[in-house]
Amino acid sequence: MARSRPLRILGIEGTAWAASAAVFETTDPTRRTDDERVEIYTDAYEPDSGGIHPREAAEHMHESIPEVVAQARETAREWADERGGDDAIDAVAFSRGPGLGPCLRIVATAARATAQRFDVPLVGVNHMVAHLEIGRHRSEFASPVCLNASGANAHVLGYRNGRYRVLGETMDTGVGNAIDKFTRHLGWSHPGGPKVEARAKDGEFLDLPYVVKGMDFSFSGIMSAAKQAVDSGEAVEDVCFGLQEHVFAMLTEVSERALSLTGSGQLVLGGGVAQNERLREMLASMCEQRGAEFYAPEPRFLRDNAGMIAVLGAKMYEAGDTIAIEDSRIDSNFRPDQVPVTWREEEDWTADGDSVRLGTSSRDDSVRLGSDSRDDSVRLGNDSRNKSAHVDALQGAEATVTIEDGTVTKRRNPRAYRHERLDSRLRRERTRLEARLTSQARRVGVPTPILEDVDPERGLLVFERVGDADLRDDPAERHVRAVARHLATIHDAGFVHGDPTTRNVRIERAASDDRRYLIDFGLGYFTDDPEDYAMDLHVFDQSLTGTADNSESLIAAARGAYRTASSAPEPVLDSLREIEGRGRYQ
Ligand SMILES: C[C@@H](O)[C@H](NC(=O)OP(=O)(O)OC[C@H]1O[C@@H](n2cnc3c(N)ncnc32)[C@H](O)[C@@H]1O)C(=O)O
Ligand SMILES: Nc1ncnc2c1ncn2[C@@H]1O[C@H](COP(=O)(O)OP(=O)(O)OP(=O)(O)O)[C@@H](O)[C@H]1O
Ligand SMILES: [Fe+2]
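If you're wondering where the values come from, they're calculated on a predicted model, not measured in any experiment. (Residues numbered from 1 in each chain as written. Chains lettered and ligands numbered in written order. Predicted model: local features only at pLDDT ≥ 70, side-chain atom pairs only at ≥ 80, totals over all residues.)

Novice: Before we go on, may I ask you to explain the overall build of the protein chain in this structure?
Specialist: For the protein chain, the helix and strand inventory stands at 15 helices and 23 strands. Its C-alpha radius of gyration of 25 Å places the protein chain within 12% of the 25 Å reference for a compact globule of 586 residues. Over its C-alpha atoms, taken along the principal directions, the protein chain stretches across nearly 75 × 60 × 50 Å. Relative to its 586 residues, the protein chain shows a buried fraction of 51%. Here the analysis covers contacts within the protein chain between residues at least 6 apart in sequence; of these, 74% occur between residues at least 24 apart. (Helix = DSSP H or I, 4+ residues; strand = E, 2+ residues; numbered from the N terminus. Rg over C-alpha atoms; globule rule 2.2 N^0.38 Å. Buried ≥ 20, exposed ≤ 12 C-beta atoms within 10 Å, placed from the backbone. Contact = placed C-beta atoms within 7 Å.)

Below, the structure is given as C-alpha cells:
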C-alpha cells in the first residue's frame, strides 16, 4: 500500500565478512517503486592469510559496524531533511543469522542500541531469506524459485503455505567456501571465487566428479579431485575451468529440477557466488531453454550487504513483524525454512484450483501434440494443446517423455548450459544406469516398467507404459508406505534410486491394482553405504513436503514401513537423523 510519507529503514549486516549498513527509503515496501532508493556502506574484512577467522572477523565488526551505521544514519537524516524534516528512520533491521556467532552478537548489539536511540522497532531478518527476497523484490516476480549461491550456503528455495521450503541444498559446505578451500590449497588469498573465475578464462575442460542427489548436491568429492589434479600437474587454469563447469552445472541442474517440481516459471538468484558470470550465463541459458524467466540482482545486492536486510526489513515492518529487544537473540544456525513468512500474500506452487501461477514452463502440461509433430525441438507449452492428437508429451526435469499407446519413449535432450563434454557424459551415463537399475529393481521384486530399447549415445530409452497417475497426484498413505518398502528392497539389494520423488513413482488409481512402480533410475548407483540409503529417504521426504499438505504424517508412515521392510534399518535411520539435523553453517 502506498504511504503518505516515505518509510525509511536502517539495515545492519555482519554475518561473516561484510560490516555493512544501509538505508532504504520507499513509499510502498510491498513492491518495487520508481522512487525507492537504497544506499549501502560496507567495510570488508580481508584476512591476511587463510580463510575467515571468526575472532578476527568479530574484531573487524567491532571496529567497523559503528562507522558504517553512522554513515547510513547520516544519509537517512539527509533524506528526511529533503522531505521537510521527517523522522529519520522508522525501524532498524538486522541480520539475526545464520552466520558466525561472535559477529552476529556485535551486529545485534548495535541494532538494539540504534533502535533504542531512535525509539523505533527492531526487525530480525534471516540473512538467507534476505538474499532471496532482494531478487524477488527487484524482479517483481510473483512466486519464483530461488537459488542462493553464497559463501557458507547453497540451496534452492520455493514458497509454500507460509514458508520458504528448502527444496535442495548442499550436503557438505557452501559453494563459495568450497571454492575458497580449493584456492587456499593453491596458496591464493581470500576470497578465491573471483580468482577462479579469472583464471578459468584461459582454461580448457577437465573431467571432475559431478554429484547431484535428487535436488541435493555435494562438493567434497569434486574439491578433493580438483586439488589432486593440481598436485599431479594439471594446468591450474584447466582445473579452474573444469571446476566452474561442474559446480555451476550442478547448481543449474537442481534449479531446473526445482522449476520442474514446483511448476514455477521464474527463477531468481542470490548470494556472493552469484556475482560469477559463468553461473549467471548457465542459469539464463537453462531458463531460456525451458521458457522460464530469470533474474539476478546487480552485484551490490548479491554479495553480503545491508541493503537486502533493509529491503526485507521494510516488508516485515509493514506486516507488523517486529521483535521486542528481549526476544532478539541471534541464531547462528537460523535456517530459511524456520521463518514464518508474514509479508507475502501471493499464491504458492500448490496446483490445487487456480492458485498456482504457471509460467511458460511445464508443471502439469501433459501436452497433446499432433503425431507428426514429434520433433524433439518442439517447445512444450500450454499453447500447443491440440485436441485432435494422440501422442502425449511430457517435459520432465531432464528429459522429454512421449507416450504413445502402451509405449513410453524417454529422451535426455542436450542441455545448452552444460559444457558439451560434461553434457554428453552425463546423458550417456544416466541412460545406461537407468536401463540397468530399472531391470535390476524388477529382478529383486520392485515393480518397474519393462525396458524395450536403449541407446545411450542418443540418450534414448523405450519403456512399457505403467500406472495411470504419478504419486504426486494422489499421495495417499498406502502408496507412500509401499514406496518406502520398495526403497528398502532395493537398498537390501545394494543400490539406490537416487531421485525417489513423488513424480518418479507411478500408481494405479484403479482400486483393483495396488502396484506402485518406481521409474527414472537415472541418478541411481550401487553402494553399500547406509548414508546413501538415508539420502534416498531424505529425498523422498523432501518431495513429500513439497507435494502434500499432510507431509508429516506421510513421512512418519514411510519411516515405519521402511523400518519393517528393511533388513538393517537402524544405521540408515540413524544416518537420516544426522542428515536432517545437519547445521549448515560450516
Ligand atoms: C551467512 C553469510 O555470512 C554467508 N555470506 C557469505 O558467504 O558471503 P557472500 O558475500 O554471500 O559470498 C561470499 C562468497 O562469494 C564468493 N565469490 C565472490 N565473487 C565470486 C565470483 N566472481 N565467482 C565465484 N565466487 C565468488 C567468494 O569466494 C565467497 O566464498 C552466506 O550467505 O552464506
Ligand atoms: N514407464 C512410464 N509409464 C508411464 N508414465 C511414465 C513412464 N515413464 C515416465 N512417465 C511419465 O513421464 C514423467 C517424466 O518421466 P521421468 O521422470 O522418467 O523423466 P525426467 O525428465 O527425469 O523427469 P523428472 O526428473 O521430473 O522426474 C513421469 O513423471 C511420468 O509421469
Ligand atoms: Fe550471504
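Novice: Is there a simple way to think about the site of ligand 1 in this case?
Specialist: Among the 27 residues in the neighbourhood of ligand 1, the closest are listed as Ser150, Gly151, Gly176, Gly193 and Gly272. Broken down by element, the residue count for the shell around ligand 1 peaks at four residues, all from helix α4 (residues 175–185). Its residues assigned to classes, the shell around ligand 1 shows seven nonpolar, 16 polar and four charged. Both domain 1 (7–139 + 302–338) and domain 2 (145–298) contribute no fewer than three residues apiece to the shell around ligand 1. (Near = placed C-beta within 6 Å. Nonpolar A, V, L, I, M, F, W, Y, C, P; charged D, E, K, R; others polar. Domains from an automatic or database assignment.)

Novice: Would you mind going over the pairing of strand β16 (residues 407–412) with me for this structure?
Specialist: Here β16 shows a buried face lined by Val408, Lys410 and Arg412 and an unburied face lined by Thr407, Thr409 and Arg411. Across six bridges, strand β15 (residues 399–404) lies against β16 in antiparallel orientation. Looking across to β16, one finds that Thr400 is bridged to Arg411. If you look at the hairpin formed by β15 and β16, you'll find two residues sitting between the two strands, and Asp405 has a positive phi there, around 50°. Pairing geometry for β16 and strand β18 (residues 460–464), over five bridges, is antiparallel. Residue Lys410 lies in a different strand from β18, and its bridge partner there is Leu461. (Pairing = 2+ DSSP bridges.)

Novice: What exactly am I supposed to notice about the sheet that holds strand β21 (residues 505–507) here?
Specialist: Strands in a sheet are paired, the pairing made by backbone hydrogen bonds, and the direction either parallel or antiparallel. Taken in spatial order, the three strands make up an open sheet running β19-β21-β22, and their pairing is antiparallel. The open sheet is flanked by β19 (469–470) and β22 (516–518), the only strands paired with a single partner. Relative to β21, β19 runs antiparallel, the two sharing two bridges. Bridge pairing links Ala469 to Ile507 in β21. Here helix α12 (residues 477–492) sits on the sheet in contact with β21 and β22, set at roughly 45° to β22. (Axes fitted to C-alpha atoms, helices over the stretch in contact; angles between N-to-C directions.)

Novice: Sorry, what's going on with unusual backbone geometry here?
Specialist: Glycine aside, a negative phi is what most residues show, and trans is what most peptide bonds show. Gly97 connects to Pro98 through a cis peptide bond whose omega is 0°. A cis amide bond links His190 with the next residue in sequence, Pro191, at an omega value of -5°. Within the secondary structure, Pro191 is located in the loop between α4 and α5 (193–200).

Novice: Just checking my understanding: could you explain the site of ligand 2 for this structure?
Specialist: Neighbouring ligand 2 are 20 residues; Gly396, Ala397, Ala399, Pro449 and Asp520 lie closest to it. Looking at the shell around ligand 2, the elements that each hand over two or more residues are β15 and β16. Built from parts of two domains, the shell around ligand 2 gets at least three residues from each of domain 3 (367–433 + 447–464) and domain 4 (469–581).

Novice: Could you clarify how one ought to interpret the UniProt feature "domain: Gcp-like" (unreviewed entry) in the protein chain in this entry?
Specialist: Following the UniProt record, the feature "domain: Gcp-like" (unreviewed entry) maps to residues 43–310 here. Along residues 43–310, the helical share is 53% and the strand share 17%, with 17 Å between the first and last C-alpha atoms. (UniProt positions renumbered as here; feature names shortened; annotations may be inferred.)

Novice: Just to check I follow, could you spell out the UniProt feature "binding site: ATP" (unreviewed entry) in the protein chain for this structure?
Specialist: According to UniProt, the feature "binding site: ATP" (unreviewed entry) maps to Ala393, Leu394, Gln395, Gly396, Ala397, Glu398, Ala399, Thr400, Val401 and Lys410 in the numbering used here. For this annotated set, covering 18 residues, all C-alpha atoms fall within 13.4 Å of each other, a compact arrangement in space. Locating Gly396 in the fold gives a position in the loop between β14 (391–395) and β15. Those residues in contact with Gly396 that sit more than four places away from it in its chain are Ser260 and Val401. With respect to the element layout, Thr400 can be found in strand β15.

Novice: Would you mind showing me how to read the nonpolar core here?
Specialist: Burial of nonpolar side chains together is a common tendency in soluble globular proteins. Ranked by size, the top nonpolar core spans 117 residues in total, and within it Ile12, Val92, Val107 and Ala310 carry the most contacts. Ranked by residues supplied to this core, first place goes to helix α7 (residues 236–262) with 13 residues. Domain assignment of the residues forming this core places at least three in each of domain 1 (7–139 + 302–338) and domain 2 (145–298). Residue contacts for Val92: discarding those within four places in its chain leaves Leu10, Ile12, Ala111, Thr114, Ala115, Val120 and Leu122. Ala534, Met535, Ala561 and Val572 belong to the second largest nonpolar core, which has 34 residues in total. (Core = buried A, V, L, I, M, F, W, Y, C linked by C-beta atoms within 7 Å.)

Novice: Whenever I open this one, the domain arrangement of the protein chain confuses me. Can you help?
Specialist: When the parts of a complex come together, some accessible area is lost, and that lost area is often taken as the interface size. According to the domain assignment, the protein chain contains domain 1 (7–139 + 302–338), domain 2 (145–298), domain 3 (367–433 + 447–464) and domain 4 (469–581). Here domain 1 and domain 3 have C-alpha centroids that lie 47 Å from each other.

Novice: Please explain the packing of α7 against helix α8 (residues 277–290) as it appears in this structure.
Specialist: Any two packed helices are characterised by how steeply their axes cross, that is the angle between the axes, and by the distance between the axes. Viewed as axis vectors pointing N to C, α7 and α8 meet at an angle of 35°, and their least axial separation amounts to 9 Å. Here α7 runs over α8; the crossing is right-handed. Residues Gln244, Phe248, Ala249, Leu251, Thr252, Ser255, Glu256 and Leu259 of α7 form the contact with α8, whose participating residues are Arg278, Leu279, Met282, Leu283, Met286 and Arg290. In terms of residue class, the contact of α7 with α8 is made up of eight nonpolar, three polar and three charged. (Left-handed = near helix turned anticlockwise from the far one by under 90°.)

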